[in-house]
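# Coordinate analysis (summary)
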Amino acid sequence: IIISLLCVSNQSFSQDVKERKTQTDIGVGFFFSDSDKGPSLRASYGYLPNKSLFLGAGIGATFFFPQKGGQKAARIPIFLNSKYSLALSQSSSLIVGLETGYRFFSKWGDINYNSFYAMPKAGVGYKVGKRGKNAISLMVTYNRDKRNDINTFENQLGVFIEYCF
């Protein structure tokens, strides 16, 4: 209920709902962990029920390069993307969100990393363009990844820049 009230009352920096009900986000970033690191590309398309809330779906690709043993792997996530923005000023906003979905991994030998995941994220966004209809966001993400090959969990941090239009 509280989140719903915030969504209705907040005058956020997201797109003007009267003019635009949909939004596309494209993000480029990098993941870091104890055993792997790699670049990532994500794209999502969604609906803006109000000025603060974004609900969408997307697909991405991440390429992991091992730091301590292991093997190279590609990850293809298909996900639901939700973000809430809280205006800090006329041109900037605090953003929190959650990406949930299923990741398909390339298989290397007998290793299978396919799994469901939930990835919280937070950051700041800035309006860009002549009329401020687009935005650039700087986001930090967290993920706790299950490693089936060694039956352990691994913490991963990601840093992303997103362009929203």
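Residues numbered from 1 in each chain as written. Predicted model: local features only at pLDDT ≥ 70, side-chain atom pairs only at ≥ 80, totals over all residues. Heavy atoms only, no water.

## Observations regarding the overall build of the protein chain
Quick reminder of the rule: Secondary structure is summarised from DSSP: a helix means a run of H or I of at least four residues, a strand means a run of E of at least two, and numbering begins at the N terminus for each. Burial here depends on accessible area, computed with a 1.4 Å probe over protein chains only, as a share of the maximum for the residue type. Under 20% is buried, over 50% is exposed, and the range in between is partly exposed. Whether two residues touch is decided by their heavy atoms; if any such pair falls within 4.5 Å, the residues are in contact. With residues, only the protein chains shown are counted as cover, and all accessible areas are computed by Shrake-Rupley using a 1.4 Å probe.
Each helix and strand counted, the protein chain has one helix and eight strands in total. Ordered by position from N to C terminus, the α and β elements of the protein chain give α-β-β-β-β-β-β-β-β. Counting only residues that meet the buried cut, the protein chain has 43% of its 165 residues in that class. Once local pairs closer than 6 in sequence are excluded, the contacts in the protein chain between residues at least 24 apart make up 54%. As displayed, the protein chain offers around 9100 Å² of accessible surface, 65% of which is attributable to carbon and sulfur atoms.

## Quick notes on a nonpolar patch on the surface
Keep this limit in mind: Distance thresholds for patches are 9 Å for like charges and 5 Å for nonpolar side chains (Val, Leu, Ile, Met, Phe, Trp, Tyr), applied to residues having over 30% relative accessible area and no salt bridge. One side-chain nitrogen of Lys or Arg within 4 Å of one carboxyl oxygen of Asp or Glu is enough to make a salt bridge.
Taken together, the side chains of Ile26, Val28, Leu41, Tyr126, Leu138, Ile161, Tyr163 and Phe165 define a hydrophobic patch exposed on the protein surface, amounting to about 700 Å² of accessible area. By secondary structure assignment, the location of Phe165 is in the segment after strand E8 (152-164).

## What about the confidence of the model for the protein chain?
Put simply, the rule is: A score from 0 to 100, pLDDT tells how confident the predictor is in each residue.
Here the protein chain shows a mean pLDDT of 83. Residues at 70 or above account for 76%. At the level of individual helices and strands, the protein chain shows its lowest average pLDDT in helix H1 (residues 2-9), which scores 42, and its highest in strand E1 (residues 22-33), which scores 95. Contacts from residues 1-18, a stretch scored under 50 in pLDDT, to residues over four places away or in other chains number 46 contacts.

## Describing the pattern of salt bridges
Evaluation of the coordinates by the stated rule reveals five salt bridges. Glu99 is the partner of Arg42 in a salt bridge, and the nearest nitrogen-oxygen pair spans 2.8 Å. With Arg42 in strand E2 (residues 36-47) and Glu99 in strand E5 (residues 92-105), this residue pair connects regions lying 57 residues apart in the sequence. An identical accessibility class is assigned to Arg42 and Glu99; each is buried. Between Lys121 and Glu99 there is a salt bridge, with the nearest N and O atoms lying 3.9 Å from each other. With Lys121 in strand E6 (residues 115-128) and Glu99 in strand E5, this pair connects stretches of sequence that are 22 residues apart. Lys121 sits in the buried class, given a relative accessible area of 7%. Among the ionic contacts, a cluster of salt bridges with common partners joins Asp25, Arg42, Lys83, Glu99, Lys121 and Glu162.

## What to know about the pairing of E2
The condition that has to hold: Note: two strands are recorded as paired if DSSP finds a minimum of 2 bridges between them.
Here E1 pairs with E2 via eleven bridges, running antiparallel. Bridge pairing links Gly27 to Arg42 in E2. Where E1 hands over to E2, the hairpin turn is made up of two residues, counted between the paired strands. Strand direction decides the pairing type here: E2 and strand E3 (residues 53-66), joined by ten bridges, are antiparallel. Looking at E3, one finds that Arg42 is bridged to Gly60. Following E2, the chain reverses through five residues before pairing antiparallel with E3.

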